[in-house]
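What follows is each chain in one-letter form.
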Amino acid sequence: PGSKMISGVFLYNHKGDCFIFRLYRDDITRAAMDPFKVNVIHSRKPIRAAIHNIANTSYFHLKKNNVWLMACTRQNANAALVFEFMYKFISVVQAYFGVFSEQSLRGNFALVYELLDEILDFGYPQSTDPDVLKLMIQTHEGGSLVKTKEDQGKITSQVTGQIGWRREGIKYRKHEMFLDVLESVNVLMSPSGQVLTSHVSGSVRMKCYLSGMPECKFGINDKVVAQQPQAGPKDAKSKKAAREPIAIDDLTFHQCVKLSKFDVDRSISFIPPDGEFELMKYRTTQDVLIPFRVTPMVQEHGNRIDITIAIKAEFDPRVFAMKVNVIMPTPHNASKVSLFTEKGKAKYNAGDNNILWKVKNLAGGKTCQLNAEIELLATVDKKKWVRPPISINFEVPIACSGLQVKYLRLMETKLGYDDSAVLKWVRYISRSGLYEIRY
């Protein structure tokens, strides 16, 4: 027997009212919505599990923007596949309406039912690509557009063809490619400044405005690539191009990437979708650039605590970090907090028991300091202050993993344009993930 799939999809608001539902199999009825409402939405206990089995029915659920999305089945369905479908459905709704909310779903309920009929067939997921769905289900003044035979032919070729993520006949007067390397830096440092753990989770996002069916080739400074003879010319103008190769632990590609070519010569070749998409995701754990060194000094004097926090930017002086926020936890019995800093603004948040220090921008190589004097109230509880870690948030225009775009080439044989006719933009941004310092 084949794999079992979804029997029904239900959408609830935060009160537990089911405002949209669609049944795909006759092994469940509308009555299936009530046990979920009683046992999950109105449960007095905190809901930790994402799957509940009630009365021989499996309920898979997600909650986003006060909307519960639930899929149920009486069969032994592939749980990972069900959740992947549910996340894809949320992405499709966001692509159509901008936001996944009760208001947007209720206001476009007819279109939501069309989407549910299109992306699931007898409980089996079909095409969930928003670009493909927009060819089949279009909106114009609240209704669906009538499609010509030519349009229907394009839809058929895209859904059943080899390149389902890009339709034919796309034309632009100006050809542009935008490439963003976005990274999340996660670091845990000891009181002495030693890095205990560090890793970078990154993604390469692209926005393409290209005519026809261009073939693109993308190169990075991967260690495996660096060990092979390089066919492409090196960019002598860029100092970053000469940076040492990096070891990438995990790689996940968009479906447009030709994996056969990547397995042979590690080249990333693809025909890009039109518009914005995520080309790849990656993770690195070796040779992570630590953008900030935070040195905390804490001295306890009975009912007073003196704290000094020094931050040093460990990157190129030509680069400026933006939105640098340092969060320093304080004892629960703090009564008065005096703050002194020469750069940025600092304030004490009594409700959150922390000091928030905001620095608008900080150049590489620079150091800034915060001094705090905390007066404590006498308490009966003799429990010592546990000193929760300091956390820091920031945004800096570099790639902390060391990832470097070596080249980005393209060729369109039918329309006859190449690299010289395309404007290409590359941007690097590293943001803080879980960046904590013990003291």
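As the structure is a prediction and not an experimental result, all values here were calculated from the model.

### Description of the pattern of salt bridges
Then, number 1: Under the definition given, this model contains 13 salt bridges.
Then, number 2: Connected through shared salt-bridge partners, Arg205, Lys207, Glu276 and Glu278 make up one network.

### Comments concerning the packing of aromatic side chains
The geometry of an aromatic ring pair is captured by two quantities: the separation of the ring centres and the angle between the planes.
Then, number 1: Enumeration according to the criterion identifies 15 aromatic pairs in this entry.
Then, number 2: Ring centres 6.0 Å apart and planes at 80 degrees place the aromatic pair Phe36 and Trp68 in the edge-to-face group. With Phe36 in helix 1 (residues 33-41) and Trp68 in strand 5 (residues 67-73), this residue pair connects regions lying 32 residues apart in the sequence. For the pair formed by Phe36 and Trp68, the shared burial category is buried.

### Notes on the nonpolar core
Then, number 1: Core analysis: the largest hydrophobic core is formed by 41 residues, its most contacted members being Phe292, Ile392 and Tyr435.
Then, number 2: If we ignore the near neighbours within four places in the chain, the residues touching Ile392 are Phe292, Val294, Val324, Asn325, Val326, Ser432, Tyr435 and Ile437.
Then, number 3: In terms of nonpolar packing, the next biggest core, distinct from the first, is built from 35 residues, Met5, Phe60, Ala77 and Leu115 among them.

### Points about the pairing of strand 23 (residues 390-396)
Then, number 1: Of the two faces of strand 23, the one holding Ile390, Ile392, Phe394 and Val396 is buried and the one holding Ser391, Asn393 and Glu395 is not buried anywhere.
Then, number 2: Summarising the sheet, strand 18 (residues 320-329) and strand 23 pair through 4 bridges and their orientation is antiparallel. Bridging from a neighbouring strand, Asn325 pairs with Asn393 of strand 23.

### Some details on unusual backbone geometry
Then, number 1: In the Ramachandran plot, Ala55 falls in the positive-phi region, its phi being about 50 degrees despite a non-glycine side chain.
Then, number 2: Inspection of the secondary structure puts Ala55 in the loop between strand 3 (51-54) and strand 4 (57-64).
Then, number 3: At Phe122, a residue that is not glycine, the phi angle is positive and equals roughly 55 degrees.
Then, number 4: Positionally, Phe122 belongs in the loop between strand 6 (120-121) and strand 7 (124-125).
Then, number 5: Given a relative accessible area of 46%, Phe122 falls into the partly exposed group.

### A word on the sheet that holds strand 25 (residues 417-418)
Then, number 1: The 4 strands are arranged 14-12-24-25 in an open sheet whose pairing can be described as antiparallel. Each edge of the open sheet carries a strand with a single partner, namely strand 14 (268-270) and strand 25.
Then, number 2: Where strand 24 (residues 405-412) lies against strand 25, 2 bridges are found, and the strand directions are antiparallel. Counted as the bridge partner of Glu412 is Tyr417 from strand 25.

### With respect to the environment of Cys368
Then, number 1: Following the sequence through the fold, Cys368 ends up in strand 22 (residues 367-376).
Then, number 2: Counting along the chain gives 26 residues from Cys368 to Glu342, while the straight-line C-alpha distance between them is 7.4 Å.
Then, number 3: Apart from the residues within four sequence positions on either side, Cys368 is in contact with Ile309, Ala310, Ile311, Lys343, Trp357, Val359 and Leu362.

### Quick notes on helix 2 (residues 79-97)
Because an α-helix packs 3.6 residues into every turn, residues spaced three or four apart end up facing the same way.
Then, number 1: Between its first and last C-alpha, helix 2 extends 27 Å over 19 residues, near the 27 Å set by a 1.5 Å rise per residue.
Then, number 2: Within the span of helix 2, buried status applies to Val82, Phe83, Phe85, Met86, Phe89, Ile90, Val92, Val93, Tyr96 and Phe97.
Then, number 3: The distance from a side-chain oxygen at the start of helix 2 to the backbone nitrogen of Ala80 is 3.1 Å, and the residue carrying that oxygen is Asn78.
Then, number 4: Looking one or two places after helix 2, you find Gly98, whose phi comes out positive at around 90 degrees.

What counts, and at which threshold
Residues numbered from 1 in each chain as written. Predicted model: local features only at pLDDT ≥ 70, side-chain atom pairs only at ≥ 80, totals over all residues. Heavy atoms only, no water. Salt bridge = Lys/Arg side-chain N within 4 Å of Asp/Glu carboxyl O. Phe/Tyr/Trp six-rings, centres within 6.5 Å; stacked < 30°, edge-to-face > 60°. Helix = DSSP H or I, 4+ residues; strand = E, 2+ residues; numbered from the N terminus. Buried < 20%, exposed > 50% of the residue type's maximum accessible area, 1.4 Å probe, protein only. Core = buried A, V, L, I, M, F, W, Y, C linked by side-chain atoms within 4.5 Å. Contact = heavy atoms within 4.5 Å. Pairing = 2+ DSSP bridges. Expected span 1.5 Å × (residues − 1). Polar contact = N/O pair within 3.5 Å; in protein donor to acceptor, adjacent residues only side chain to side chain.

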